[in-house]
Amino acid sequence: MPPAKTSVVYKKKDGSLTVGDDTKYLFWTPSTPPGASPAVTIPVADITNLQQTGEASAKVALKVFVKEESYVFNFTSKDAARKEQVAVTDTLRDAIAALKAGTSLPSAPRAAQNGEGAANQSGALTMAKAVSAKPQDEGWYDDSRLKSDFKLQRSLLVSNEVLNDRFTRALSDKPDSVTVPQFTAQFWSTRLHLLRAHAMETAQNVSEYNVLPEIKYTTTIVNDEPIKTLNMTKEQIALIFKQYPVVAVAFNELLPKPFPDPPTFWSRFFASRLLKKLKGMEIEPEKDPADPVLDKYLDYQQAMGPASLAFIPRTIDLEGNEQNTKFRLEGEFTMKAGRHDKPILHLLNQMSEKLLSHVAPEDGEAHAPIGMDEETFDQLQLRDLAMQDSDNRVVLNVREQQRYTHAQDDDDLSADARLYAKQDPSAVISSLRDDVQPVNFGSDEQGTLKLDRVIGVDEDEDEDEDMDDAPRVHTNGARTKKVRIGSQASLADASTSIISSISQRRRNASSDAHSLNGLSQTVFDTLTMTHNTTTEFLLYFWTLFLSGDSSRVNELTGLVATLDRSLDRINAVGAQAEKEREERLEKMRVQVKEYFQRTGKKRRIDDSAVGGGKKVVDQMVRPTVEALKVASQAYRRALEAQMKEVGPAA
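Note that the structure is predicted; figures quoted are calculated from it, not measured.

(A) Seen up close, the environment of K279. Note that K279 resides in helix α11 (residues 273-279). By relative accessible area, K279 is classed as partly exposed at 26%. Setting aside chain neighbours within four positions, we find K279 in contact with L212, I344 and L347.

This is how it looks when you write it as structure tokens:
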């Protein structure tokens, strides 16, 4: 990296040339007036070329080309002009190379104490460190970046229709005191997991594949004659040139002569022996016609993989090592390489190597040692036979332990706790054992305990008599009947409650149309959207209410009014459902009347068989309505308490 200040002259004006700590900008700052801001700012990404004066030249200068413009900086230091120019040039070249490679250089370190640390560092070493540095965390893991990425949010709304409807409806029903940025920030703050998953999904790219087997002829019948058509895309042609360099060489050498145009070349190529060789198929001279133009490329030798493997050193050539040993594999052994030597196997190996060579190594650092490190090896090794193992548990240090562990004072205990503390545990257990003896529950002569007698169940009991004999009690001024546990009435109520709970759970988990309970699909969709919007505003309300932020009181007041309107919207949906139910009942009455006029027989209309209506709507959204009431009451209680505090103070 360059020194903090590099003395240069630009357009006959003295100044300093520096590279930003993030290596993204090049700054020139004039010397006068002192403390002036940079007069020239050059983005490193826009630099197209760098030129410097020769080492034999007495004048040290650096020319920076930015698209169609150029800047010339003359270094004026008497002792270290060349050193400063080399440092700046190397830094810029490394930054440009890192930008082209898709990586970023680390932040500029401080200059060494001797003033030569950055200057003596070579460009190759700097680039190696930049490539080997671990990449920063991807953008989809940063919550703040997800909240501010409006393009990603818009993409998620387009791909998720349900979420889009919920966002649009909630945005249209928001109170005026809540701005659009506030609502958007609150909406996405609870859906960061959806944004993160969508970002990962959209970041996936389709990898390369073996393209030749995917290209086939399509046969069409024209005038009772089959015509073969070859359909290829630009992407497929680019993959062919990338995976099979011999095809690219042939294409460049044979066009425009002897092949006048690309269609002619491809039609000849897909009917040649060269195609069969590239596919790993055996060439049959009797069936495969010869092509004197393309057959000369059958013996074309090309380098395979990221590094040329045309020549294999004897150190890794197993067959080549046989010349240095007296042992030979004679006969038709199963492991003999020649027995399994097929062209298709070589082709598959070469193609796999090519595909892997085009994939960026994302699973490790470029210059890190091959294999796992010592720490990972220690974690994965078997420890079954280890005599002693180090304790790697996390130690928790609790502050003020005596505050939580010492015995409580008698004043801190409740009345029940003080009463229980005076009792003898053994006496209590003995008393409980005596109470659960069968004799105390009404066992028969043989000592057999019957559970129906214990809980008071009598199958021969008359339900009417049981209700008449039950004592009457008064609760909150209302006359109610106290039902005895084990009576026929209590068993019937328990059965009804269980069956009702099972039916409700079944309706909630079912996707059948009958689970709408008589509601039309339009009313049900409106009710679902109203419920989603109400839930969104409830979440927003509790977030603001529990935050204690006094600066957002007006926003909270608007949300309370919106919650009240949400209750009105639910009632409006209920009224619409009741109207549809009355229309269905009216149609049934008309049908019964027509049937009576036609046959003279009367039919009864069972109103309970007609589902839907306001009753069903209220049953579906009862928890939401209760949540609205709780939120409204909590706000009004807090408001009254605050008004009482403000009143005496005033």
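That covers the picture; the talk isn't over yet.
(B) Geometry of helix α21 (residues 553-599). Counted at 1.5 Å a residue, the expected span for α21 with its 47 residues is 69 Å, and the 69 Å between its end C-alpha atoms agrees. G600 lies just past α21 and shows a positive phi near 80 degrees.

(C) Examining the pairing of strand β4 (residues 40-43) more closely. Only one face of β4 is buried, namely the one carrying V40 and I42, since none of T41 and P43 on the opposite face is buried. With four bridges connecting them, strand β3 (residues 25-30) and β4 associate as antiparallel partners. When the bridges of β4 are listed, W28 appears paired with V40.

(D) Representation of the sheet that holds strand β6 (residues 61-66) in the model. Strand order in the open sheet formed by seven strands is β4-β3-β2-β1-β7-β6-β5, and the pairing between neighbours is antiparallel. Each of the sheet's edge strands pairs with one partner strand only, and the pair in question is β4 and β5 (47-52). Mean inter-strand twist for the sheet, computed between neighbouring axes without regard to direction, equals 30 degrees. Relative to strand β7 (residues 69-75), β6 is paired through six bridges, and the arrangement is antiparallel. In the sheet register, A61 faces β7, and the bridge partner there is N74.

(E) Expanded view of the environment of F187. On the secondary structure map, F187 appears in helix α6 (residues 180-189). C-alpha of F187 to C-alpha of F537: the two residues are 350 residues apart in sequence and 9.5 Å apart in space. With residues near it in sequence (within four places) discarded, F187 still touches L163, F167 and E536.

(F) Region of the structure containing the pattern of salt bridges. Tallying each qualifying case throughout the model produces eleven salt bridges. Close ionic contact of E284 with K287 constitutes a salt bridge, the shortest N to O distance being 3.8 Å. With a relative accessible area of 34%, E284 lands in the partly exposed category. Residue class for K287 comes out exposed when judged on its relative accessible area of 66%. Residue R552 pairs with E555 through a salt bridge whose shortest N-O separation is 3.0 Å. By relative accessible area, which is 29% here, R552 ends up partly exposed. Residue classification places E555 among the buried residues on the basis of a relative accessible area of 4%. Linked through salt bridges whose partners overlap, the residues forming this network are R166, R191 and E536.

Criteria and cut-off values
Residues numbered from 1 in each chain as written. Predicted model: local features only at pLDDT ≥ 70, side-chain atom pairs only at ≥ 80, totals over all residues. Heavy atoms only, no water. Helix = DSSP H or I, 4+ residues; strand = E, 2+ residues; numbered from the N terminus. Buried < 20%, exposed > 50% of the residue type's maximum accessible area, 1.4 Å probe, protein only. Contact = heavy atoms within 4.5 Å. Expected span 1.5 Å × (residues − 1). Pairing = 2+ DSSP bridges. Axes fitted to C-alpha atoms, helices over the stretch in contact; angles between N-to-C directions. Salt bridge = Lys/Arg side-chain N within 4 Å of Asp/Glu carboxyl O.

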